[in-house]
Amino acid sequence: GEGADPVGSFWIVSKVKEMLLGQSPTNLPDIYAPYGYDIALHEGYAWADTLFGIPWEMLIGAPGFYNIHVFQTLCLSFIGMYLVFRVIGLHGVFSLMLAHLSIFHSFGIDEIAYGRPTQMHWIWMTFTTIGVLKILYGELTKTDFWKWGLFTGLSMGMSCLVYWFGAVAVGFSLAIAFILEL
């Protein structure tokens, strides 16, 4: 990636790891010294995408983990989009094609090229969408309804802890899917 975004990705993954392990406070005194900057408060604790990168960063270190993290992010988002299209009843091949188009469009490629994998991290939002579709259109027992409700709520909570762009991109893809379903 170009610019400061890849460096920011390396930094945030290592900082979140330290914060989760209790090795660093969320208030970082090096930013806006001497007062500091509460990264957790100002980022809205939106670190759910980094959770998948932390094991790779611990195993390989920075910057080596980054390419695996980006690949993993794209694979999870691709799988999520494929599952959404399958849930609405599209054929497997057509679902693969639409999932591919959802992930590898020009804006998505630019986001990855400029070092912003967070904006392509859609797995939680796609799980939320699958849950909503199951609740609205599935023939569910009362127990299944509660299971899908819990799944949907947890997925939505996690998607809110990633980045707003995922919701916009998945929403646009779902609009296309719903139009196709009509």
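Residues numbered from 1 in each chain as written. Predicted model: local features only at pLDDT ≥ 70, side-chain atom pairs only at ≥ 80, totals over all residues. Heavy atoms only, no water.

### Overview of the overall build of the protein chain
What counts here: Runs of H or I in DSSP of at least four residues are treated as helices and runs of E of at least two as strands, each being numbered from the N terminus. Note on exposure labels: buried denotes an accessible area under 20% of the residue type's maximum, exposed denotes more than 50%, and partly exposed covers the range between, all computed with a 1.4 Å probe on protein chains only. Whether two residues are in contact is decided by their heavy atoms, any of which lying within 4.5 Å being enough. Note that accessible areas follow from Shrake-Rupley with a 1.4 Å probe, and for residues the cover is restricted to the protein chains shown.
The helix and strand tally for the protein chain stands at nine helices and two strands. Counting only residues that meet the buried cut, the protein chain has 40% of its 182 residues in that class. Put simply, 64% of the contacts in the protein chain that link residues at least 6 apart link residues at least 24 apart. Accessible surface for the protein chain amounts to roughly 10300 Å². Of this, 68% is attributable to carbon and sulfur atoms.

### Some details on a nonpolar patch on the surface
As a reminder, the rule being used: Each patch is assembled from residues with relative accessible area greater than 30% and no salt bridge, linking like charges that lie within 9 Å and nonpolar side chains (Val, Leu, Ile, Met, Phe, Trp, Tyr) that lie within 5 Å. When a carboxyl oxygen of Asp or Glu is within 4 Å of a side-chain nitrogen of Lys or Arg, the pair counts as a salt bridge.
Judged by side-chain polarity, Val 93, Phe 94, Met 97, Phe 172, Ile 176 and Leu 180 come together as a nonpolar surface patch covering roughly 560 Å² of accessible area. Tracing the backbone shows Ile 176 in helix α9 (residues 164-181). According to the relative accessible area criterion, Ile 176 is partly exposed, its value standing at 37%.

### Examining the environment of Ala 62
Residue placement: Ala 62 occurs in the loop between α3 (54-60) and α4 (65-87). In sequence terms Ala 62 and Ser 9 are 53 residues apart; their C-alpha atoms lie 9.7 Å from each other. With residues up to four places along the chain from it excluded, the contact list for Ala 62 reads Phe 10 and Glu 57.

### Notes on the environment of Tyr 163
You can see Tyr 163 is positioned in the loop between α8 (142-160) and α9. Owing to a relative accessible area of 32%, Tyr 163 belongs among the partly exposed residues under this scheme. The spacing of Tyr 163 and Asp 49 is 114 residues in sequence and 8.5 Å in space, taken between C-alpha atoms. Tyr 163 has contacts with Thr 118 and Gln 119, leaving out every residue within four places of it along the chain.

### A closer look at the side chain of Ser 77
This is how the line gets drawn: Pairing of N or O atoms within 3.5 Å defines a polar contact, subject to two protein rules: one partner must be a possible hydrogen donor and the other a possible acceptor, and residues neighboring in sequence count only if both atoms are side-chain atoms.
Topologically, Ser 77 is positioned in helix α4. At 2.9 Å, the side chain of Ser 77 forms a polar contact with the backbone nitrogen of Trp 122. Once residues within four sequence positions are removed from consideration, Ser 77 is found in contact with Ile 103, Met 120, His 121, Trp 122 and Ile 123.

### Quick word on the packing of aromatic side chains
Basically, it comes down to this: Within 6.5 Å between ring centres, the rings of Phe, Tyr and Trp (the latter by its six-membered ring) count as paired, and their orientation is classed by plane angle as stacked under 30 degrees, edge-to-face over 60, tilted in between.
A full pass over the atoms with the stated rule returns six aromatic pairs. Between Phe 127 and Phe 151, the ring centres sit 5.5 Å apart and the planes meet at 45°, which makes this aromatic pair tilted. Taken together, the residues Phe 127 in helix α7 (residues 123-137) and Phe 151 in helix α8 connect sequence positions 24 residues apart. Here the aromatic rings of Trp 148 and Phe 151 are separated by 5.3 Å at their centres, their planes lie at 85°, and the arrangement is edge-to-face. Within this pair, Trp 148 and its partner Phe 151 are both found in helix α8, separated by three residues, close to a single helical turn. Overall, the relative accessible area of 30% leaves Phe 151 in the partly exposed class. Members of the aromatic cluster, connected to one another through ring pairs, are Phe 52, Trp 124, Phe 127, Trp 148 and Phe 151.

### What about α7?
Quick note on the threshold: To estimate how far a helix should reach, multiply one less than its number of residues by 1.5 Å.
Given a rise of 1.5 Å per residue, 15 residues ought to cover 21 Å, and the 21 Å separating the end C-alpha atoms of α7 matches this to within 8%. Regarding α7, the residues found buried are Ile 123, Trp 124, Met 125, Thr 126, Thr 128, Thr 129, Ile 130, Gly 131 and Leu 133.

### Section: the side chain of Glu 57
For Glu 57, the position within the fold is in helix α3. In this structure, Glu 57 is in contact with Val 13, Ser 14, Lys 17, Ala 62 and Phe 65, ignoring residues within four places of it in sequence.

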